Amino acid sequence: MNDPRHYVVIGGGLAGLASAVWLAEAGKRVTLLERRGRLGGRTHALAAPPVDDVPDNGQHVIASGYDHLFRYLTSVGTRRYVAFPHQGVLRWPGGRATVMATKGFGALRTFLGAHPDASPADRIRAGIATARLGWECLNQPADLADLSTEQWFERIGMPATAREALWDWLALGIAAEPVRQESAKVFADVLATGIRLGIRHRRPVTIGYPTTDLDTLFVTGAERVFEQHGVDVRYRAVVRRINIHDGAVSGVLLADGTELPADAVVCAVPNSNIGGLLDDLPEHNEIYSAADKLGYTPIVSTNLYLDRPLGTKGEFEAIIGGVGVIDEVFDRQRMHQRDTSRGWLYCLTTSGAYEQIHKSQEEVVAEQMALLRRYYPAAREAKVVHAQVVPMPRATFSQVVGTDGLRPDQRTSVPTLVLAGDWTRTDWSATMESAAQSAARAVDLLLALPAPVAV
Ligand SMILES: Cc1cc2nc3c(=O)[nH]c(=O)nc-3n(C[C@H](O)[C@H](O)[C@H](O)COP(=O)(O)OP(=O)(O)OC[C@H]3O[C@@H](n4cnc5c(N)ncnc54)[C@H](O)[C@@H]3O)c2cc1C
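Residues numbered from 1 in each chain as written. Predicted model: local features only at pLDDT ≥ 70, side-chain atom pairs only at ≥ 80, totals over all residues. Heavy atoms only, no water.

- As annotated in an unreviewed UniProt entry, the protein is FAD-dependent oxidoreductase from Nocardia uniformis.
- Under Cofactor (unreviewed entry), UniProt gives the following word-for-word description of the protein: "FAD". (UniProt positions renumbered as here; feature names shortened; annotations may be inferred.)

1. Quick notes on the domain arrangement of the protein
- Domain parsing of the protein yields domain 1 (6-37 + 235-295 + 400-447), domain 2 (49-65 + 77-82 + 297-396) and domain 3 (103-205).
- Each of domain 1 and domain 3 was reduced to a C-alpha centroid, and the two centroids are 33 Å apart.
- At the interface, 7 residues of domain 1 touch 15 residues of domain 3.
- When domain 1 packs against domain 3, close to 890 Å² is buried across both sides, 65% of that on carbon and sulfur atoms.
- Where domain 1 touches domain 3, the interface holds 0 salt bridges.
- Taken together, the residues that form the side of domain 1 that touches domain 3 break down as 3 nonpolar, 2 polar and 2 charged. (Domains from an automatic or database assignment. Contact = heavy atoms within 4.5 Å. Buried area = accessible area lost by both parts, 1.4 Å probe. Salt bridge = Lys/Arg side-chain N within 4 Å of Asp/Glu carboxyl O. Nonpolar A, V, L, I, M, F, W, Y, C, P; charged D, E, K, R; others polar.)

2. Some details on the packing of aromatic side chains
- Under the counting rule described, the total for this entry stands at 10 aromatic pairs.
- Taking 6.5 Å as the distance between ring centres and 15° as the angle between the ring planes, the aromatic pair formed by Trp152 and Phe153 counts as stacked.
- Of the residues examined, Trp152 reaches a relative accessible area of 0% and is grouped as buried.
- An aromatic cluster of at least three residues, connected via ring pairs, comprises Trp152, Phe153, Trp167 and Phe187.
- If you follow Arg96 out to its NZ or CZ, it ends over the ring of Trp92, 5.4 Å from the centre.
- In this structure, Arg394 is placed above the aromatic ring of Tyr296, and the distance from its NZ or CZ to the ring centre is 4.2 Å. (Phe/Tyr/Trp six-rings, centres within 6.5 Å; stacked < 30°, edge-to-face > 60°. Buried < 20%, exposed > 50% of the residue type's maximum accessible area, 1.4 Å probe, protein only. Lys NZ or Arg CZ within 6 Å of the ring centre and 35° of its normal.)

3. A look at helix H6 (residues 160-175)
- The principal kink in H6, of about 40°, is found at Leu166.
- Among the 16 residues in H6, 12 count as buried, and that is most of the element.
- Taken together, the buried positions of H6 are Thr161, Ala162, Arg163, Ala165, Leu166, Trp167, Trp169, Leu170, Ala171, Leu172, Ile174 and Ala175.
- Within two residues after H6, Ala176 carries a phi angle of roughly 55°, on the positive side. (Bend = angle between axes of the 7 residues up to and from the residue. Helix = DSSP H or I, 4+ residues; strand = E, 2+ residues; numbered from the N terminus.)

4. Here's the deal with the sheet that holds strand E3 (residues 62-63)
- Across the sheet, 3 strands lie side by side as E3-E7-E4; this open sheet has antiparallel pairing. The open sheet has two edge strands, E3 and strand E4 (82-83), and neither has a second partner.
- Judged from the 2 bridges that link them, E3 and strand E7 (residues 207-210) form a sheet pairing that is antiparallel. When the sheet's bridge partners are listed, Ala63 is paired in E7 with Ile207. (Pairing = 2+ DSSP bridges.)

5. Considerations on the site of the ligand
- Near the ligand, the surroundings consist of 34 residues, among which Glu34, Arg42, Val61, Tyr66 and Asp422 are the closest.
- A distance of 3.1 Å is found between an oxygen atom of the ligand and a side-chain nitrogen or oxygen belonging to Arg35.
- Within the backbone of Thr431, an N or O atom sits 3.3 Å from an oxygen atom of the ligand.
- Protein chains shield 95% of the accessible area of the ligand, which is 1,000 Å² for the free molecule. (Near = heavy atom within 4 Å. Polar contact = N/O pair within 3.5 Å; in protein donor to acceptor, adjacent residues only side chain to side chain. Areas by Shrake-Rupley, 256 points an atom, 1.4 Å probe, with all protein chains shown as cover.)

6. Some details on the pattern of salt bridges
- Considering all chains together, one arrives at 22 salt bridges under this definition.
- Residue Glu136 pairs with Arg132 through a salt bridge whose shortest N-O separation is 3.0 Å. Placement of both Glu136 and Arg132 in helix H4 (residues 120-138) is noted, with a separation of 4 residues, approximately one turn of the helix.
- Here Arg132 falls in the partly exposed class, since its relative accessible area comes to 35%.

7. Things to note about the packing of helix H5 (residues 149-156) against helix H7 (residues 184-201)
- Viewed as axis vectors pointing N to C, H5 and H7 meet at an angle of 75°, and their least axial separation amounts to 7 Å. The angle between the axes of H5 and H7 places the two elements in the roughly perpendicular class. Within the contact between the two elements, H5 uses Thr149, Trp152 and Phe153 and H7 uses Ala184, Phe187 and Ala188. (Axes fitted to C-alpha atoms, helices over the stretch in contact; angles between N-to-C directions. Parallel < 35°, antiparallel > 145°, perpendicular 65-115°, else oblique.)

8. Describing the sheet that holds strand E16 (residues 344-351)
- Strand order in the open sheet formed by 7 strands is E6-E5-E14-E15-E16-E13-E17, and the pairing between neighbours is mixed. Both outer strands of the open sheet, strand E6 (97-101) and strand E17 (384-396), are each paired with one neighbouring strand and no more. Sheet twist, expressed as the mean angle between neighbouring strand axes with direction ignored, is 20°.
- Looking at chain direction, strand E13 (residues 297-306) and E16 are connected through 8 bridges and run antiparallel. Looking at the pairing, Ile299 lines up with Ser351 of E16.
- Sheet contacts for helix H11 (residues 361-375): strand E5 (87-91), E13, strand E14 (316-319), strand E15 (328-331), E16 and E17; angle to E17, the most-contacted strand, approximately 110°.

9. Overview of the nonpolar core
- In terms of nonpolar packing, the biggest core is built from 79 residues, with Tyr72, Trp152, Trp167, Phe218, Phe226 and Val266 touching the most fellow members.
- Ignoring any residue separated from it by four or fewer positions in sequence, one finds Phe226 in contact with Leu17, Ala20, Val21, Leu32, Leu39, Val231 and Val233.
- One finds Ile242, Ile244, Ala262 and Val414 within the second-largest nonpolar core, a separate group that totals 29 residues. (Core = buried A, V, L, I, M, F, W, Y, C linked by side-chain atoms within 4.5 Å.)

10. Side note on the packing of helix H2 (residues 67-76) against helix H8 (residues 214-229)
- The N-to-C vectors of H2 and H8 enclose an angle of 50°; their axes lie 8 Å apart at closest approach. Between H2 and H8, the crossing angle belongs to the class labelled oblique. Judged by the twist between their axes, the crossing of H2 over H8 is left-handed. Where H2 abuts H8, its residues Leu69, Tyr72, Leu73, Ser75 and Val76 lie against Leu217, Phe218, Gly221, Ala222, Arg224 and Val225.
- For the contact of H2 with H8, a count of residues per class yields 8 nonpolar, 2 polar and 1 charged. (Left-handed = near helix turned anticlockwise from the far one by under 90°.)

11. Observations concerning the UniProt feature "binding site: FAD" (unreviewed entry) in the protein
- Taking the numbering used here, the UniProt-annotated feature "binding site: FAD" (unreviewed entry) corresponds to Val239.
- Residue position: Val239 is located in strand E9 (residues 239-245).
- The residues touching Val239, leaving out its near neighbours within four places in the chain, are Ile10, Leu33, Val252, Leu253, Leu254 and Leu277.

Here it is, written out as structure tokens:
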């Protein structure tokens, strides 16, 4: 280690973990400060003692275009724990299910509308509208930022069957907001990123999932890297302020009143926690204001243990018409090959859960079971063995109409202070890839700083 500078990373979520890992790999002296007693931020495993299991705080899916996230997984040695099934399942009330391929010719059928009731005319209209959608993603009309995704779909003539079978739930999955309020520009930007990555890698972007819990995927390997490289990880270390003197970082002030000297800082906290940290930075008012305007979107996740299998056809199933109660059902037996002696685990996700977030655990589970009974015949007699509802009122920053252009860059006016986190400006919406990409950019900025002059 011939660089004497001290690099401090604030926040032990994915953005902070990736920053600390990559700085350590580059031979830097690193301290990671996390305000909680654990690492992982919004991606972590959660114990469920009554069923002796360790599910997650919420099911996370991974797109094949998550290049920076894969770089991180390679660094921490867990790349092998991601699988791509190359298919998804659509589920309608009464139990009807359609398997959608996401590879080869089957993928073409999916894009033309996998809806079993789509007429030939619907399919032609879906084909034309999909081509227009792709064109407008890459050549965006000036007013896209003023439209909701739903208004955009209407304008390009996307038929109802294609929306129901693909586009509405894809849009909800990408930006965690219902299409009536999601920004069309956010959706278009992510699709454009996907198209460009598909061209670069010569294969379409598909959706995969972790085959293990999130701590094993993201945290355990990082801890090994930290030990190897001597990274100092401090838990329950709450940072109150980043001190700046003469245009350079001098240290960070902790909640216990101590100051930790630092030569460079990666500030990797979410928009909800940025207040006060950047008071010494000349542009702090603009960043705080953007953080406020970005706001939050709630997600409710439920780890539901049943006494019998639901009879799924795939690892994950989109619930058509389940908006507000369940968007997706993830079958952890298929995903993790788990032992079912203590029940069958289904992870349910409700994005944009503006109503569910205010309900009690009992109300949420009763509502979700009522919906599952409508969609899965096998659920009619099923009993709940254990349920764990995880409400996250500030699951991600919000990507509704009017939020485009607010996200701050990783670079600040102080070269030794960089920002990271899913909410900073990247090619992606509020995702793990956005967190990893922001870390890659933040670390590159610090590694490009001139070496200190030897005295
Ligand atoms: C339920 C749910 C489902 C999701 N599903 C998906 C999905 O399927 N696919 C996908 O790609 N993304 C998904 N996401 C989004 C993804 O989890 C986040 O975008 C990503 O984890 C954010 O990482 P981050 O490092 O930017 O922030 P965080 O994970 O929030 O990390 C920030 C860290 O900073 C710490 N911190 C905050 N303030 C301070 C302070 N003052 N001092 C010290 N430490 C501090 C926090 O404790 C935290 O550990 C989902 C999110 C949720 C909640």
